[in-house]
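Residue-level structure breakdown
One-letter residues, chain by chain:
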Amino acid sequence: MAATARPKTMAELSPRPNVASANQQLPGVIDYEQVDRDIGGSLSPTAGWFGALAVAIVLFLWGAGAWTYQIYWGLGNAGYNPPVMWGVYIISFVFWVGIGHAGTLISAILYLFRAGFRTTIYRCAEAMTVFAVMTAGLFPIIHIGRPWKFFWLIPYPNWRLIWPNFKSPLVWDVFAISTYLTVSATFLYVGLVPDIAVLRDRATNPVRKRILAVMSLGWRNSEKEWRHFARMYLFLAAFSTPLVLSVHSVVSFDFAMAINPGWHTTIFPPYFVAGAIFSGIGMVFTIIIPIRKFFRLQHYVTINHLDAAAKLCLFTSLVVGCAYLVEFWVAWYSANRFEQQYFWNRVFGEWWWAAWIMLTCNMVFPLSLFSQRLRRNPTWLFILSIFINLGMWFERFVIIVPTLSHEFEPWQWNHYAPSWVDISILVGSFGWFFMWFLLFIKQLPVIAIAEVKEIVPPKLRSPHVHEDAIDVTGRHQAYEPDTPGEFD
Amino acid sequence: MTSRRKWALVPGFVALAGAVALLSAYSGASSSQNFTPEQPINFPHPTHVQKLGMNCLYCHYSANKSPDPGLPAVGTCLGCHNPIEVGPNRPKIDSIPARQSVEIKKLLDNYADASGKPKKAIPWVRIHKLPEYVHFPHMRHVNAGVACQSCHGQVQRMQRVYQFSSLNMGWCINCHVNGYKPADAVRNTEGYPTAADNALPPKKARYDCSACHY
Amino acid sequence: MTEPAGSAGVKRRDFLKVLGAAGAVTTTVGCFQEDVEKLIPYLVSPDDTVPGVSTYFATTCRECAAGCGLIAETRDGRAIKLEGNPVHPVNHGALCARGQASLQGLYNPDRYRHPMARKNGKLERITWDEGIKTLRDRISGLGAGAANAVFVNQHETGSFPAFLDQWLAGYGMPAHIAYDGEAPHAVMQANRQSYGSAWPGLDFTAAKLIVAVGADFLEMWGSSVAQQLSFADARAKLADAPRFVYIGPRRSLTGLNADEWVACKPGSELAIVNALAGKGDLAAAATAGGVDQAVLQRLAGEIASTKPSLVLSGVTTANALDVALAVNALNVAAGNVGVTIKPAEALTSFDRVGSPNDLRDAVQRMASGAVQLAMFRGVNPVYVLPKSLRVAEALAKVPFKVSFSPYPDETTELCDLVLPDDHFLESWGDAESVRGSVSLQQPAMDRVFDTRATADVLIGVTKGDPATASRIPAADYRSWLIGRFPGGAQAFGAALARGMAPGSPAQSTGASRTVAAAPAPAPAPLEGQQGDFYFLAYPSPVLGDGRATNKPWLQELPDPVTKIAWQSWIEIHPTTAARLGIENGDHITVTTAAGAVTAPAYIFMGVRQDVVAMATGRGHTGYGRYAQNVGVNPLDALPVAHDASGGLALATVKARVAKTADSSPLVTTEGSARQHARGIGRAITVAELNGPEEEEVEHFAGDNKHDFLPGLRSPVANDAQGVLGNPKSKDKGMYDPEHWSGMAKRRWAMAIDLARCTGCSACVTACYAENNIPTVGAPWQGRSLRPFHSGDGNGWDTRPGANILKGREMQWIRIERYYEGGEDGSSDFDTRFVPMMCQHCGNAPCEPVCPVYATYHSPDGLNVQVYNRCVGTRYCSNGCPYKVRYFNWHGYGEPARRQYAFPEPLNWQLNPDVTVRGKGVMEKCSFCVQRIREAEHRAKLEGRELVADEFTTSCAQACPSRAITFGDAADEKWSVARLAEDRRAYHVFEELNTFTAVVYLKKVNHPAGGAR
C-alpha cells in the first residue's frame, strides 16, 4: 500500500508567500486517493460533532418555543417600544441576508474571475449562503403581527380579487429572497453532483448508497456529463452573479424608500451590498478556520487561500468604512436639521456605544489586515471574524433602532430594550443555522472534491503493478507496461 | 418505469399540490355557502310570500331604512296567528279552511301562554353572517333597487332557507365594479324585463375598501 | 324610552347581551367561519327604535355639580356614546372628559349588581324588599335618635335635595348634608357677599385683561366647560383678545394657558392682590410673595389702565375667603361687575352647596357615638377627607350605616346596608344649571344591573308603612317629578325632547346647615411652620376629588400638565431637584406635621423652587379594580384645615422633602417636551399677527416653504386625490379621475386652532368612546418582558401602566405639550398644546410601503386603515413622520384574554359601527370614517347631497374650546375650507411634502407690553 507520509506543510513546500491562482497546486496533497480519503474521511461523525449538533438543536428548539409563546401572547412580548416598531427581528433578518452573500460571491463571481483561491472554500461558503438565507427568510414572518396571514404578501389569484402592493419594498423582498434562495440552492446542488457520485461509489451502507445514487442523478463521470456540467455551472454562475448585487440592494430599499432620517439616502444599496459581502466573508472565516483545523484540511485550505480572502475582506471593509463616513458628511452637507440631529444622536446619543462598536469592529480592526503577518495568521483571522460578525449585527442595530427612536416627532421619542423573547429567537436562529450546517458537513463534502482534483497533480507512475490512473477529467487510463517483460 | 419518468414524478406532485392550493384559494372554499340549518320553527316562506303575497318588508321591516334588515318580533306573528281567534290552527285563507298546524302549535305552545302574551323569544339560527369588520348597509342596496333575491336567492320558494350566495369579498366586488343590471332585479323577482329595463345601464358602486371596512 | 320596566324590557336586555357577545367575540382575527349564532328577536318590537339605527335621548350629566346637557346615543337599547346637548345653556354641545367617561360609570364592571346587607361580617345579597324593610325598621327604631341621624348626599342641583329633605323631615331627621369636595367654597361665599350669587356668569369675551389668582377656571374651578367655551371665544378674537396673567405658586393647566405667570409663594396672594389693587405696599407684597417688584408694578399699571378686566380668585390657603373678597373688591372697583362678571346670568350649580364644615362636624358627632344612623349617597368621606380626621374610626362608632353608592368605594365597604343607586343614565331626575330653566334627566336605557334609584327606594320606605304611606302621594319619583312639573305629564313629555324646560326645581325647605357647624380651628400660619417646602395639594383636572378614578378612560388619560397616567407623582422644580440630587421617577417622601406621602418625583418647571405639589384623586384602597392601589392620596399628609368659609384648605402646610432609595419610571406619554425647533406647535405674537403679512415663522435650515395648496391638493399622488389631484401629474394612480361615485370630489380635512386649544384632553376621551380604543394601562394588562424583573413571576408585569411604560398607549389623538423657553428654570416659558392625530396625508409615507394595501388612500382623501387586511409589518409606522399609528401588541379585543380591555359589561359600550381590533394589527385615527359613511347613508336615504358642516368627528364634537373643525376642504361651503386659507394656517412638517389634511392655526401670544 502506498505509504502516506505526513503531508508537508506550506512552509516547507513554498517558503515565500504567494497568491493562490487557478493553477495553484496544493503541495500538501499527493494524489487523488488522498483527496478522497481526506475529504471523505471528514464525513465520519465524531463525538465532538454530535455534541455540537445537540447544542445547536437545543438552541433552535428554545428559539422555536419562544416564537410559539410570542404568537400566542402577541408581539407585546417582544421588546418593542413604539415608535421603535422594528427591532431585533429585522436587524437579524438583514444580518443573515448579509451573511448569505459571500457564498454566491465566492462561488459565482470569483469563479467567473477565475480566482483560484475560491476552489477550496467555495463549497463551504455556498452551503453557508443557503442556510443563512433560510434563516433570514424566517425573520420577516416572526416579525409580523399576524404570521398566519403571511401568504398575503405572495401574489396568487384569490377570491378577494386583490393583490399585494407591488410598490412596497417588502413585497420586493419576498421576490428577492425567494429567488436568491432558489438559485443559490440550485447552484450548490449542481456543484455537488460529481462529489455525490464519488461518495456514492465509496459508500458501503446500501441505504446511504441508494440515496446518494438518487441525489447524484446517475452521474457516471463521462465526458459528455462533464461538458454539460461545465456549461451548466458557468451558466448558473453568470445567472446568480447579478443576484448578489440585487438582493441586498432590495433589502436596503426597505430603509432607503422610507423618509426617515438616517434611512432615506441613495448610498444605501452599494453600502449594503459591500457590508453584506464583508459580513459574509467574516462568517466564512468563522466557519472555515475551525473546519480546516478539526478536519485537518490545512493542506487544502492553505494559508494562501485565507490570505487572499483576507484581502477581499479588507477591501470590503474599506468600502463600508467609506460609506459610514459619507453618511456623516451627507448629513452635515444636507443642512437638514432632522438629518443632522439624527447623526449627532447616532454617535453621541443614547446609542453611542452601539455606533462605536460598529465603527471599531467594521472600520478599525479590519485595518490590521494590511499587515501580511496578521493576514496569514488563522487565529487572528478567526478572532477578527468574530468581531466582524458582531460589528455587522450592530451596524443593522444602529441603522434601525436610533432612527426609529429619535425621529421627526420629538414628543414620540422613546427608548428600546429587547425582551427575553427577542434574544431567545435570535439565539435560536443561530441554533437553526448551525444545525443545518453541521448536518451538511457530515453528509456532503465540505470541500469540492472534483475541483480540488483539478489542481492536484495526476497520479504518477507507481511501483505497484496493474494500477490505473485517473486524469484530471476523471477519464480512466489503463496502465500500459513499458518495461518489457514486466508481466513475466 | 424508465428513469426519466421517475424523475418527473416529484415535480409533478409539487405542481399538482400548488394547483390545488391556488384553486381552493381562488374559489373561496372558506365560504359557508349552502348552509341550511334546521330552524326551531319550520317557517314556510313560500306560504307567506307566494300564497299570501306578503312583502319581505312586512317582517324584515327595517331593510329599507337601516343597515340591519330587522327580524320580526314574535308579536308580529301573533298579529295574524291570533291565539284567541284561530288558536293553533292555520288561519283561514279565502277558500281554504283553517286547519291544525304543528308548527303554529309550536309557536303558540312554546312561545306564548293562553292569553297570547309572549313568554319567550324564538332562537332563530343565523344563516347570513358577515364578519364584524364588514359593514353592509341593507338600506343602500334595497333603495338602489337591488332585489332581495339577488343576494338571498329565491327565498319565496325555499321550504328551508339556506345561504344562497358565497358572501365572499370577490362576490361583492364583482357587482360593485361591473354594476348591477336593473333588468336582473326584474328577473330575480320572477318578472320579465322589458326592453326599457334592458336598456337601463348597470348601477355601479364604490369598490373602495373604506366603503365597507372600517 | 318611556317604558323602561316590564318583561319586554328585561328580555330586550338579554337579546342585547347576545348581540353584544357576538360583536365582541369576532375581532379582526376571526377571518374564519364563525360558530353558529342565534338571532333572538324582540317579543314586542319597541315602537321608538329601528334596529341598527341610533336613538338619541336628551338628559343631564351628573358627574359634577355643573349639570351639563347631554345627548345619549343609544343603539338597540344601549347607551354607546354621550355628546353635549347643543341647546343647553351651560355647555352648548361640548362635553368634558369626565362627562364622556360617565358611560364607564354606567357599565363599570365593579358596580354592585344587587342590594346587599352585612351578615356576620360580610355583605351578602338580599332582595330589594328585604333591603327596604331593613331600612324602614331601622328608621322606625330610631325614635328620639332620629334627630341625630345623618344623611350625606353629593351636592347636586334639582329637585332631589328638596325631596330628600322633605322625606327626612317626615321621620324627624335633620336636613341632609350636601357635600362637594371640588367646589371652591371660599369663592362662593365671597361671591354671595359681593355679588349676591354664588357663581355669577363670567364673560371672558368682554374682558381685555384676565388675571387669575390661583383660579383654575379651565379645570375644577366652577363650571369648566362653560368657562372654557367663553375663554376660547375670547382668545380667538385674536386682535383685541384679552391678555391672561396667572398668579400662583403652581402653573396649572390654566396657568399654562396664560401669557404670563407670576410665581408667588402660597399665602402671599392676599398681599399681592391688595398691592395690585393699589391698597397695599408693592415692595412688601413682592418680598412676601418672592416675586419681582417690577412685575407687580407693571401688573398694577395694567389692571388700572385696562378696562374692562376680569380678576378671579381660587386660592386654597387658609385665608382663601379674604383673598376672594379682596379680588371681588378689586373687580367692583375696576367696574367689571355687570361687564365681565354678570350676577344676572348666574350659574345656579353651586347655589345650595353645603359647607364641608357640616361633614367634618357630622364626622365628629359620629366619633362621639351620638349618631345612630348614617346614610351616604355619592359621597365617600373615608377617602375625600384628610386621613387625619380618622373618618373610618368615627364610622365604626355608628351602629347602622347605609350606603346608596353603586360602587364599592371605601365608605360603602364599611356600611351595613348597601342599596345601590341607579346610574343617572338609568334614572329620572332634574337639575338647575342656570336660573329659570330646568334640565331634565331621563333614563337612556334599561338598568344594567338590579339597582334602584334612591328616590324610589325612599318612596318605597314610606309606602311600606301605612302610617307614613300618605306622605309622598306619588307612586314613584318620576310621577312625583311630573306631578310638580308645570303642565303635567304632557308638557313633561314634550320637554324631554329638548331636555330643557323653563321653571325651577323644588326648593329645599330644610334648614341650611351652612351656619350650623362650628368653624374649624384656624390652621397655624404657613410661615411659622417647620419645613423648607410648601406642600400644595390640588384637585386633579381629570380625576377631580377621586370620584372619577374608577373609570379606565380617565386613568389612562394623561394628566394635561404632567402627561402622567395610572400613577401619582410629586412635582418639584428642576433647580431644587438638582440641588437634592433628585431625578425623574426617584421616590421622594413629603413629610408634614399631619403625615407623610411617598411618590415618584416629576421635575416640573411650573412650580416654585420652594413648592412641592401633588394631585388628588388617586390612592384609593377600594373603589373597584381600576382605582384600587393605584397611586397615593396627598390628603394623607394634610391636616384638617378649613378656610373661613368652611372649604377644605389644601395649601396650609409646610413639608420636608427627603429622597428615598428606590425609584420607578414615570408612566408618561411624553417623549421630549422640546420641539428642537421643528416647528410643530407654532405661535405668533398678536403684534406680528396685526403687523405686515410676512411674519417670521419658525422655519429651520433646509425647510423649503410651500404655498398652501387650495383644497389641499397633492401634486403627486393622484390615486390618493381622485379628481383633486394635479392634472399635470403623470401619476394617475388606481382611481380614474372621473370616478363616477361622487366620492372623489370630497377631501375630508381638519383645522385645529392652537389659539383656542387649552389642552384639556376632552377630545382624547371622546375618541376612546367613539372608536372602541382599548385602555392598556391596567395593572393586569402588562406582560413582563424580563421574567425575573418587575413581574409577578408568572410572566405578568403588575405595575400600573406597564404597557404605557413601553410607549404602547393607543391614543389615536394625543395632546402634545411643548415648552418654549424656561430652559434656565425661570418662570417665563410658553406652552404649546398640539393635538396630534393621523394627518391623512395626501402624499402619505405610510401608504406605498404597506405590502398588502392595508393602508391606502381613499378617493375622498382619507388615509384608510383596513384592519382585517393588516398583517402587522408595522412598516407604515416607520414611515409616518407624525408617529400616530398604534399597534395591537396584545389581544386587547379578545374577551378570553386577561388583557381584554372591555370586561363585561364595559363591552356594552362598544360602538357597533367600529371594528374591535384584534392582536397583531395596526390602527390609527380614521377621521371617524364611520360617521362620514353614516352621514352619506343618511343623505342618500333623504335623496340629497351632504350639507356643509352637517356632521363632525367625535373629537371636534366634544371639544369644549371648539378648537377642532372637521369637514370637506374641497367645498368652500364647509367652514374648514375657509379656515384652511387662514393666514395663521400651516402644516406640520410641510417640508416633507406629505400634504396633510390637517391644518394647524398658529397660537397667538400676548406678551407683556405688546410685542416682545
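Residue positions within a chain follow its written sequence, with the count starting from 1. Working convention: letters from A go to chains and numbers from 1 go to ligands, in the order in which they are written. With the structure being a predicted model, the display of local features is reserved for residues of pLDDT at least 70 and the display and counting of side-chain atom pairs for 80 or more, all residues being used for whole-chain, interface and lining totals. Each side-chain value is worked out from all heavy atoms of the structure, with water and hydrogens disregarded.

Topic: the overall build of chain B
Note the cut-off: Secondary structure is summarised from DSSP: a helix means a run of H or I of at least four residues, a strand means a run of E of at least two, and numbering begins at the N terminus for each. Burial status follows relative accessibility: with a 1.4 Å probe on protein chains alone, a residue under 20% of its type maximum counts as buried, one over 50% as exposed, and anything between as partly exposed. Contact between two residues is taken to exist if any of their heavy atoms lie within 4.5 Å; hydrogens are not considered.
On a plain count of helices and strands, chain B comes out with 10 helices and three strands. In chain B, the succession of helices and strands from N to C terminus is α-α-α-α-β-β-α-β-α-α-α-α-α. By residue count, 34% of the 214 residues in chain B fall in the buried class. Relative to all contacts within chain B whose residues are 6 or more apart in sequence, the contacts with residues 24 or more apart total 61%.

Notes on the side chain of S184 of chain A
Its location among the elements puts S184 of chain A in helix α6 (residues 169–202). Ignoring any residue separated from it by four or fewer positions in sequence, one finds S184 of chain A in contact with T104, T129 and V130 of chain A.

Focus on a nonpolar patch on the surface
For the record, the criterion: The patches described consist of residues with a relative accessible area above 30% and no salt bridge, like charges being joined within 9 Å and nonpolar side chains (Val, Leu, Ile, Met, Phe, Trp, Tyr) within 5 Å. Method for areas: the Shrake-Rupley scheme with a 1.4 Å probe, in which residue coverage is limited to the protein chains shown. Salt-bridge detection follows one rule: a side-chain nitrogen of Lys or Arg within 4 Å of a carboxyl oxygen of Asp or Glu.
Among the surface-exposed residues, L9, V10, F13, V14, L16 and V20 of chain B lie close enough to one another that they form a single nonpolar patch of about 610 Å² accessible area. Inspection of the secondary structure puts L16 of chain B in helix α1 (residues 3–27).

Considerations on the pattern of salt bridges
Residue and element names in this part refer to chain C. On inspection of all chains with the given rule, the structure shows 65 salt bridges over all chains. Among the ionic pairs, R674 bridges to E823, the shortest N-O distance being 3.5 Å. Of the two residues, R674 is situated in the loop between β26 (653–663) and β27 (683–685) and E823 in the loop between β31 (814–820) and β32 (830–836); the sequence distance between them amounts to 149 residues. Judged by relative accessible area, R674 falls into the partly exposed class, the value being 23%. When its relative accessible area of 61% is taken as the criterion, E823 is described as exposed. Several salt bridges converge on common partners, so that one network encompasses R98, D180, E182, D545 and R547.

Things to note about the state of the cysteines
Using the following cut-off: By definition, disulfides here are pairs of cysteine sulfur atoms that lie within 2.5 Å.
Inspection of the entire model under this criterion finds zero disulfides over all chains. With no disulfide of its own, C148 of chain B has C56 of chain B as its nearest cysteine by sulfur position, at a separation of 4.1 Å.

Quick word on helix α4 (residues 88–112) of chain A
Residues and elements named next belong to chain A. Which entries qualify depends on this criterion: Any helix carries an expected span of 1.5 Å times its number of residues minus one. At every residue, the bend is computed as the angle between two fitted axes, covering the seven residues ending there and the seven beginning there respectively.
Taking 1.5 Å of rise per residue, the 25 residues of α4 would be expected to cover 36 Å, and the 36 Å separating its terminal C-alpha atoms lies within 8% of that figure. Helix geometry: α4 is bent most strongly at L105, by close to 35°. One or two steps after α4, the chain reaches R114, where phi turns positive at roughly 55°.

Re the confidence of the model for chain B
How we decide: Values of pLDDT, ranging from 0 to 100, describe the predictor's confidence in every residue of the model.
Averaged over all residues, the pLDDT of chain B is 84; the fraction at 70 or higher stands at 86%. Model confidence for chain B, summarised as mean pLDDT per element, is weakest for strand β1 (residues 89–90) of chain B at 73 and strongest for helix α6 (residues 138–143) of chain B at 94.

Some points on the packing of α6 of chain A against helix α8 (residues 223–256) of chain A
All names here are of chain A. Note the following rule: In this description, a line fitted to the C-alpha atoms serves as the axis of each element, helices being fitted only across the stretch in contact, and the angle between N-to-C directions of two axes falls anywhere from 0 to 180 degrees. Oblique is the label for any angle not covered by the other classes, which are roughly parallel (under 35 degrees), roughly antiparallel (over 145) and roughly perpendicular (65 to 115). In this scheme, a crossing is called left-handed if the near helix is turned counterclockwise away from the far one by less than a right angle; it is called right-handed if the turn is clockwise. Under the scheme applied here, ten amino acids are nonpolar (Ala, Val, Leu, Ile, Met, Phe, Trp, Tyr, Cys and Pro), four are charged (Asp, Glu, Lys and Arg), and all others, including Gly, are polar.
Viewed as axis vectors pointing N to C, α6 and α8 meet at an angle of 155°, and their least axial separation amounts to 9 Å. On the basis of their axis angle, the class for α6 and α8 is roughly antiparallel. You can see that α6 and α8 cross each other, and the crossing is left-handed. Each residue belonging to the contact of α6 with α8 can be placed in one class, and the counts come to 22 nonpolar, four polar and two charged.

Quick look at the packing of aromatic side chains
The following threshold applies: Between the rings of Phe, Tyr and Trp (Trp by its six-membered ring), a pair exists once the centres lie within 6.5 Å; its type follows the angle of the planes, with under 30 degrees stacked, over 60 edge-to-face, and the other angles tilted. Sitting over a ring, as applied to charges here, requires NZ of Lys or CZ of Arg to be within 6 Å of the ring centre and within 35 degrees of the ring normal.
Enumeration according to the criterion identifies 90 aromatic pairs over all chains in this entry. Ring geometry for W86 of chain A and Y875 of chain C: centres 4.8 Å apart, planes at 50°, overall tilted. Within this pair, whereas W86 of chain A is found in the loop between α3 (47–73) and α4, its partner Y875 of chain C is found in helix α26 (residues 875–879), the two belonging to separate chains. Y875 of chain C matches W86 of chain A in its accessibility class, with the two residues each being buried. Geometrically, the ring pair formed by F887 of chain C and W889 of chain C is edge-to-face, given 4.7 Å between the ring centres and 70° between the ring planes. Classification of F887 of chain C by relative accessible area gives buried; the value is 1%. The ring centre of Y122 of chain A lies 4.2 Å from the NZ or CZ of R118 of chain A, which sits over that ring. When the ring centre of F829 of chain C is taken as origin, the NZ or CZ atom of R251 of chain C, which lies over that ring, is 4.6 Å away.

Quick notes on the sheet that holds strand β18 (residues 429–431) of chain C
All names here are of chain C. The following threshold applies: Between any two strands, pairing holds if DSSP finds at least two bridges.
Spatial strand order, β18-β19-β20: three strands in an open sheet with antiparallel pairing. Two strands close off the open sheet at either side, each with one partner strand: β18 and β20 (500–502). In this sheet, neighbouring strand axes are inclined to one another by 35° on average, regardless of whether the strands run parallel or antiparallel.

Things to note about the nonpolar core
Put simply, the rule reads: In these notes, a set of buried Ala, Val, Leu, Ile, Met, Phe, Trp, Tyr and Cys residues joined through side-chain atoms within 4.5 Å is what counts as a nonpolar core.
Formed by 331 residues in total, the largest nonpolar core has its most connected members in F255 and I400 of chain A together with F217 and Y1000 of chain C. Non-local contacts of I400 of chain A, meaning those with residues more than four positions away in its chain, are made with W86, I90, I91, F255 and W263 of chain A. In this structure, W167, M173, V438 and A501 of chain C belong to the second largest nonpolar core, which totals 45 residues.

As for the sheet that holds strand β38 (residues 985–986) of chain C
The mixed open sheet is built from four strands, whose spatial order is β37-β28-β39-β38 (chain C). Edge positions in the sheet fall to β37 (964–968) and β38 of chain C, since each has one partner strand and no second.

Side note on the interface of chain C and chain A
How we decide: Think of a polar contact as two N or O atoms within 3.5 Å of one another; within protein, one of them needs to be a possible hydrogen donor and the other a possible acceptor, and neighboring residues in sequence only count if both atoms come from side chains.
Counting from both sides, the interface comprises 72 residues of chain C and, opposite them, 59 residues of chain A. One can count two salt bridges joining chain C with chain A. Salt-bridge contacts for R814 of chain C lead to E409 of chain A; the nearest nitrogen and oxygen are separated by 3.9 Å. Remark: the boundary between chain C and chain A carries 39 residue pairs in polar contact (both at pLDDT 80 or more). For the side of chain C that touches chain A, the elements supplying multiple residues, two or more each, are β31, α25 (846–849), α26 and β35 (885–887) of chain C. Sorting elements by how many residues they give to the side of chain C that touches chain A places β31 of chain C first, with five residues. A class-by-class count of the residues in the side of chain C that touches chain A yields 34 nonpolar, 18 polar and 20 charged.

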